[in-house]
Structure formats: C-alpha cells, structure tokens
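Each chain, written out:
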Amino acid sequence: MAEESSGSAASATRERSRAEVTRPESPLETERGNTTIADAVVTKVAGVAAREVRGVYDLGGGVTRALGSVTQAVGVGDERSQGVSVEVGEREAAVDLTVVVEYGESIPRVSQAVRDNVIKRIEGITGLTVAEVNVAINDLHFPGDDTPEQPRVQ
C-alpha cells in the first residue's frame, strides 16, 4: 500500500510538471488578473518599429499610401497602422508588413532588421510572443521621387 501511494504522488507530481511545461507563465496572465491587448495596439507598435529601421522609406502599397495621405490630411487616418496587419491571440501575435525600401539598400538586410526590431518592440512593450513577422517588399523609393515635376509650359 505504501508503494502505491508514493507511486500516485510521484505520478501526480509528473502530471503537474507536464502541465507547467505545456503552459508557461505569461506576464499577461497572473493570479491577480489577465491583461488583453487590442489588435490596434500591436498594429501601432509594429508600424512604428518598422519605420525605425534604416532603409525603410514607408509602409503600405501605392493605393494604401495614397489613401492614407488623403485621410491623414483630413485628420482621419493614422499612418502608424498603414501597411500593417496583425493577428493577436492571448499570448502570441503574428505580423504582416508591406514595406517600401530606399533604393540602394540591401532588401534582405532591411527585411531582417525590420523583423528583428518589430519582434523586439512588440515583445518588450506588450509582453506577447511574436510567432512570425512576414515582410512584403512592395516598392523601391528612388531619390527625387518626392519632388513634383516642373510643368513643361507655364
């Protein structure tokens, strides 16, 4: 009988250990309550983090950028969320970015730097684990692209 009870205690301890391994602690889930983070928060963090990287000219596709500039001029849009899509769970986030890179920059280097900075910022600010950051390079920005062309006739 003593062997059975010690075997049961050891089995219960193993089961508790397995449960602890499969469900790691999260800074967002404590004994005093849970914290939930809205998609919009993670979207803004990812957008700002991507723009911090040298070689990133802008985020979003051509149509998105054009509409974004119009809505921002009216005071409706928020450029921090432009070109960013996220999925946020209880403990993890996944991010998709559409990026315009400055001409002459290494696209693989910029992509990796964006990925690293976005992960660092989201995990540091929100406490969420970033499962993936997908970077789509949509366009290249050339010097002089922003200067308006002079009309041929006046």
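Since we're looking at a predicted model, the values are computed, not measured.

J.: Give me the overall build of the protein chain: which residues, what numbers.
T.: Check the secondary structure of the protein chain and you find four helices and six strands. Put simply, the protein chain runs from its N terminus to its C terminus through helices and strands in the order α-β-β-α-β-α-β-β-α-β. Sorting the 154 residues of the protein chain into buried and exposed places 27% on the buried side. A separation threshold of at least 6 residues defines the contact pool for the protein chain, and within that pool the share at least 24 residues apart is 73%. Total accessible area on the protein chain is roughly 10,300 Å²; 51% of this is exposed by carbon and sulfur atoms.

J.: Can you tell me about helix α2 (residues 39-51), naming the residues and giving the values?
T.: Taking 1.5 Å per residue as the helical rise, α2 with its 13 residues ought to reach 18 Å, and the 18 Å between its terminal C-alpha atoms agrees with that figure. Those residues of α2 that sit buried are V42, T43, V45, A46, G47, A49 and A50. At its buried positions, α2 is contacted by β3 (56-59), β4 (84-88), β5 (92-102) and α4 (107-126).

J.: Go over the pattern of salt bridges, please, and point to the residues and values.
T.: If charged atoms from side chains of opposite charge come close, those side chains can pair. Applying the stated criterion across every chain, the model contains five salt bridges. Between R109 and E105 there is a salt bridge, with the nearest N and O atoms lying 2.9 Å from each other. A cluster of three or more residues bridged by salt bridges with shared partners is formed by R54, E105 and R109.

J.: Before we move on, could you go through the environment of E90 and cite the residues and values that matter?
T.: Structurally, E90 can be placed in the loop between β4 and β5. In this structure E90 comes out as exposed when scored by relative accessible area, which is 62%. As for E90 and N34, which are separated by 56 residues in sequence, their C-alpha atoms are 9.4 Å apart. Residues contacting E90, with those up to four places away along its chain left out, are L28, E29 and L128.

J.: Pulling in residues and values, what's your account of the pairing of β4?
T.: Sheet analysis places β4 next to β5, joined by five bridges and oriented antiparallel. Following the sheet pairing, V84 is matched in β5 by L97. What sits between the antiparallel neighbours β4 and β5 is a turn of three residues.

J.: Can you explain the packing of aromatic side chains? Please cite residues and give values.
T.: Both the distance between ring centres and the angle between the ring planes are used here to describe each pair of aromatic rings. As enumerated under the stated definition, the model contains one aromatic pair in all. With a centroid separation of 4.7 Å and 25° between ring planes, the pair formed by Y103 and F142 is classed as stacked. Remark: F142 occurs in the segment after β6 (129-141) and Y103 occurs in the loop between β5 and α4; sequence separation between them is 39 residues. With relative accessibility at 53%, the residue Y103 sits in the exposed group. A relative accessible area of 37% means that F142 is categorised as partly exposed.

J.: Let's hear about the side chain of T126: which residues, and what values?
T.: With respect to the helices and strands, T126 occurs in helix α4. For T126, a relative accessible area of 7% gives the class buried. Of the polar contacts made by the side chain of T126, one reaches the backbone oxygen of I122; its length is 2.5 Å. One polar contact links the side chain of T126 to the main-chain amide nitrogen of L128, over a distance of 3.1 Å. Apart from the residues lying within four places of it in its own chain, the contact partners of T126 are L28, I37, V42 and R121.

Criteria and thresholds
- Along each chain, residue indices are assigned from 1 in the same order as the chain's sequence is written.
- Where local features are concerned, this predicted model is filtered to residues with pLDDT of at least 70; where side-chain atom pairs are given and counted, the filter is 80 or more; whole-chain, interface and lining totals use all residues.
- No hydrogens and no water enter the side-chain calculation; it runs on all heavy atoms of the structure.
- Strands are runs of DSSP state E lasting at least 2 residues, helices are runs of H or I lasting at least 4, and numbering of each runs from the N terminus.
- Classification of residues uses two cut-offs on accessible area relative to the type maximum, computed with a 1.4 Å probe and protein chains only: under 20% is buried, over 50% is exposed, and between them is partly exposed.
- Note on contacts: a residue pair qualifies if any of its non-hydrogen atoms lie within 4.5 Å across the two residues.
- All accessibility values rest on the Shrake-Rupley procedure with a 1.4 Å probe; residue burial counts only the protein chains present in the view.
- To estimate how far a helix should reach, multiply one less than its number of residues by 1.5 Å.
- Salt-bridge detection follows one rule: a side-chain nitrogen of Lys or Arg within 4 Å of a carboxyl oxygen of Asp or Glu.
- DSSP bridges decide pairing: two strands pair if at least two such bridges lie between them.
- Side-chain rings of Phe, Tyr and Trp, where Trp is taken by its six-membered ring, are said to pair if the distance between their centres is within 6.5 Å; with planes under 30 degrees apart they count as stacked, over 60 as edge-to-face, and otherwise as tilted.
- Nitrogen and oxygen atoms within 3.5 Å of one another constitute a polar contact, given that in protein one can donate a hydrogen and the other can accept it, and given that sequence-neighbouring residues count only through two side-chain atoms.

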